[in-house]
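Chain and residue survey
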Amino acid sequence: MDLDQTYPGNANGLMSERLAHALMQEIEGTADFLINLHTMNALFESRVYAVYKVHPDSPMPEEQMLRFISLFEPNVACRMDVGGKGELPGNIAGALDYQCLARGIPAFMLELGGGSRYEAGNVAQAERGFARLAASLSIMATPEGDQSPRRDPVVHTGERAAFVAQQWDELAW
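For clarity, every value in this text was computed on a predicted model and none was experimentally measured. (Residues numbered from 1 in each chain as written. Predicted model: local features only at pLDDT ≥ 70, side-chain atom pairs only at ≥ 80, totals over all residues. Heavy atoms only, no water.)

1. Points about the sheet that holds strand β2 (residues 49–54)
One key point about sheets: their strands pair by backbone hydrogen bonds, in either a parallel or an antiparallel sense. In spatial order, the strands read β1-β4-β2-β3; together these 4 strands make up an open sheet with mixed pairing. In this open sheet, the two strands that pair with only one neighbour each are β1 (34–38) and β3 (77–81). Looking at each pair of strands side by side, their axes are set apart by 25 degrees on average, direction ignored. By the bridge criterion, 5 bridges tie β2 to β3 in an arrangement that is parallel. Across the sheet, Lys-53 pairs through a bridge with Met-80, a residue of β3. Against the sheet, helix α2 (residues 62–70) contacts β2, β3 and β4 (107–111), and its axis sits at roughly 160 degrees relative to β2. (Pairing = 2+ DSSP bridges. Helix = DSSP H or I, 4+ residues; strand = E, 2+ residues; numbered from the N terminus. Axes fitted to C-alpha atoms, helices over the stretch in contact; angles between N-to-C directions. Contact = heavy atoms within 4.5 Å.)

Take a look at the structure:
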């Protein structure tokens, strides 16, 4: 099973469900904040982006969540309403970050590129984001010389997110 869709897990279930259950037990009562790290599968290329899920019991206002997400400088931040009909298949409510929100733990997902491989620039971007997050939570000092981003990473309704084109010689007239 897709581990990302099996939370909170089942102590007596399939291997992935048991793993999810064990991880959830470690997180509950320990974590004050959770960032669910991912990469796209080997078929895709991707720049760093974030996904934050909407949960009615989320302990953190959306504006504050977006401030924390912006520390990672994602190309976009996608808002996902798990309660409504979505475009993704599977048990999206079984995602680790969504289940953390259900338990009062602020959480979001960070996609660190594509191809399920190490990409140094994406890792460095994540490291800067974690350092900024730790500084904003007063866990450590602000990294020297760091200028945290001040831009809105969200793609709003009606904005262009991508363009698709063909070469002129590929068009049939």
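2. Description of α2
Among all positions in α2, only Met-65, Leu-66, Phe-68, Ile-69 and Ser-70 are buried. Where α2 is buried, its residues contact β2, β3, α3 (96–102), β4 and α4 (120–136). (Buried < 20%, exposed > 50% of the residue type's maximum accessible area, 1.4 Å probe, protein only.)

3. Focus on the environment of Gly-83
Relative to the assigned elements, Gly-83 resides in the loop between β3 and α3. For Gly-83, a relative accessible area of 71% corresponds to the exposed category. Sequence spacing of Gly-83 and Val-54 is 29 residues, and the spatial spacing of their C-alpha atoms is 8.0 Å.

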